[in-house]
Amino acid sequence: MTATPKTTALMRRGTEFLGTEHAILCGAMSWVSERNLVSAISNAGGFGVIACGAMTPELLDTEIAATKALTQKPFGVNLITMHPALFDLIAVCAKHKVGHVVLAGGIPPKGSVEAIKAFGAKVLVFAPTLALAKKLLRSGADALVIEGSEAGGHIGPVSTSVLAQEFLPALAEEHVVFVAGGIGRGEMIASYLEMGASGVQLGTRFACATESIAHPAFKAAFFRGNARDAVASVQVDPRLPVIPVRALKNKGTEEFTAKQVEVAKLLDEGKLDMGAAQLEIEHFWAGALRRAVIDGDVERGSVMAGQSVGMVTREEPVAEIIAQLMAESEAALSRR
């Protein structure tokens, strides 16, 4: 008998889809969502997701194998749609018989969804508009993640609460939909489940878990930070379609503005095309994030964090975080 019957009942479609005990995904955070955190989340009954980010196929191969050595439970792999080696990365997932692949960062290129489904995996996608969500689900995506602007890392312009009201009534009856962005407590999870969500995704809450390899200085920045410190990057040049990134304000935020000016100039001079310009920006983020997460440079690195950062006050084991979220959701549903 489960200790959280109401929450578990509302999550049933999500848990059946993921093959987990709880329909709680961990957002894919580059450098943070690696074998240690991913396996800990899956072992605790949630769903860990490896952040492939800018990894080469060889690195992803190693990471999946290392994660499998730490957990027998299901986990997923998040692939960035604009990665130049996307189809090679999909082949690595196929080799390891990965059960779920999350496609992020843009519209999946032609043939990518089919290539994933060909080896029997489920495909999760992100969609910023309802029309695009319907199109992606029609063209083979198995589930949808709606992520609001409160989230950390790359974000869209609309808040989670608005997206949930728009997408869930239209899609939740027939499709598996997970809600993400700004979720820090179980009461919020209960609300989205009641609106029809099959489950939720959290990143910021897990970034500072005991099992996270993030540098102590990175975690300390989270503990100090509050909601208003997690700001979205500004777009300098309208021709450079830079997806905004939410991170704690520091010198690195200013350096990104300078980087955009530099890339826009190269675009002007014809030294870069638009695809290469976007990759330059992506590589900047990968490097800046690594400096913060791995090296602990929280002044110049990118401390990507969602607005729920104010609710992260100490290091806790993943199992405790998940148990607390489930208990808070159950208490909220029991008060209804």
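The structure displayed is predicted, hence computed values, not measured ones.

Time to look at the sheet that holds strand S9 (residues 199-202). Think of a sheet as strands paired side by side through backbone hydrogen bonds, with each pair either parallel or antiparallel. The eight strands are arranged S1-S9-S8-S6-S5-S4-S3-S2 in an open sheet whose pairing can be described as parallel. Each edge of the open sheet is held by one strand with a lone partner, namely strand S1 (24-26) and strand S2 (48-51). Each strand of the sheet is rotated relative to its neighbour by a mean of 25 degrees, with strand direction disregarded. One ladder, built from three bridges, connects S1 with S9; its direction is parallel. Looking at the pairing, Ile-24 lines up with Val-200 of S9.

Here we come to the pairing of S2. Along S2, one buried face is formed by Gly-48 and Ile-50 and the opposite face, lined by Val-49 and Ala-51, is buried too. As defined by bridge partners, S2 adjoins strand S3 (residues 75-80) across four bridges and the pair is classed as parallel. Counterpart to Ile-50 in the pairing with S3 is Val-77. Each parallel crossover has a hand, and the one from S2 via helix H4 (residues 57-70) to S3 is right-handed.

So, on to the packing of helix H3 (residues 35-43) against H4. Across the interface, H3 lies against H4 with an axial gap of 9 Å and an inter-helix angle of 40 degrees. Put simply, H3 runs oblique to H4. The two elements H3 and H4 cross, and the hand of that crossing is right-handed. Contacts from Arg-35, Asn-36, Val-38, Ser-39 and Asn-43 of H3 reach H4 at Thr-62, Glu-63, Ala-66, Thr-67 and Leu-70.

A separate point is the packing of helix H12 (residues 251-268) against helix H13 (residues 274-293). Relative orientation of the contacting elements H12 and H13 amounts to 160 degrees, with a least axis distance of 10 Å. The angle between H12 and H13 places the two elements in the roughly antiparallel class. Remark: the crossing between H12 and H13 carries right-handed chirality. Residues Gly-252, Glu-255, Phe-256, Lys-259, Gln-260, Val-263 and Leu-267 of H12 form the contact with H13, whose own contacting residues are Met-274, Ala-277, Glu-280, Ile-281, Phe-284, Trp-285 and Arg-291. Looking at the contact of H12 with H13 residue by residue, the classes come out as eight nonpolar, two polar and four charged.

This part covers the sheet that holds strand S11 (residues 245-248). Pairing is antiparallel in the open sheet, where three strands are placed in the order S7-S11-S10. Both edges of this open sheet fall to strand S7 (153-154) and strand S10 (230-232), since each of them pairs with a single strand only. For S10 and S11, the ladder comprises three bridges, and the chain directions are antiparallel. Of the residues in S11, the one forming a bridge with Ala-230 is Leu-248.

The backbone of Trp-31 sits at a positive phi, close to 75 degrees, despite the residue not being glycine. Structurally, Trp-31 can be placed in the loop between S1 and H3. Looking at Trp-31, the relative accessible area reads 35%, which means it is partly exposed. One non-glycine residue, Lys-97, lies in the positive phi region at around 55 degrees. Here Lys-97 lies in the loop between helix H5 (86-95) and strand S4 (100-104). A relative accessible area of 70% means that Lys-97 is categorised as exposed.

A word on the packing of aromatic side chains. One pass over the full model with this rule turns up five aromatic pairs. When the centroid spacing of 5.0 Å and the interplanar angle of 40 degrees are considered together, the rings of Phe-218 and Phe-222 count as tilted. You can see Phe-218 and its partner Phe-222 sitting in helix H11 (residues 216-224), four residues apart, about one turn around the helix. Accessibility assignment for this pair places Phe-218 and Phe-222 in one class, buried. Measuring from ring centre to ring centre gives 4.4 Å for Phe-256 and Trp-285, while their planes differ by 40 degrees; the resulting arrangement is tilted. Here Phe-256, found in helix H12, pairs with Trp-285, found in helix H13; they are 29 residues apart in sequence, far enough to count as distant. A relative accessible area of 1% means that Phe-256 is categorised as buried. Between Arg-290 and the ring centre of Trp-31, over which it is positioned, the NZ or CZ distance is 5.1 Å.

The next thing to look at is the environment of Met-55. In this fold, Met-55 is placed in the loop between S2 and H4. Taking the C-alpha atoms as reference, Met-55 lies 23 Å from Gln-260; in sequence the two are 205 residues apart. Here Met-55 is in contact with Ile-50, Leu-60, Glu-63, His-83 and Leu-89, once residues within four sequence places are set aside.

As enumerated under the stated definition, the model contains 15 salt bridges in all. Two residues, Arg-290 and Asp-295, come together in a salt bridge whose shortest N-O distance is 3.5 Å. Here the salt bridges share partners, and the residues they tie into one network are Arg-185, Glu-187 and Glu-328.

What counts and what doesn't
- Residues numbered from 1 in each chain as written.
- Predicted model: local features only at pLDDT ≥ 70, side-chain atom pairs only at ≥ 80, totals over all residues.
- Heavy atoms only, no water.
- Pairing = 2+ DSSP bridges.
- Helix = DSSP H or I, 4+ residues; strand = E, 2+ residues; numbered from the N terminus.
- Axes fitted to C-alpha atoms, helices over the stretch in contact; angles between N-to-C directions.
- Buried < 20%, exposed > 50% of the residue type's maximum accessible area, 1.4 Å probe, protein only.
- Right-handed = clockwise from strand over helix to strand, strands pointing away.
- Parallel < 35°, antiparallel > 145°, perpendicular 65-115°, else oblique.
- Left-handed = near helix turned anticlockwise from the far one by under 90°.
- Contact = heavy atoms within 4.5 Å.
- Nonpolar A, V, L, I, M, F, W, Y, C, P; charged D, E, K, R; others polar.
- Phe/Tyr/Trp six-rings, centres within 6.5 Å; stacked < 30°, edge-to-face > 60°.
- Lys NZ or Arg CZ within 6 Å of the ring centre and 35° of its normal.
- Salt bridge = Lys/Arg side-chain N within 4 Å of Asp/Glu carboxyl O.

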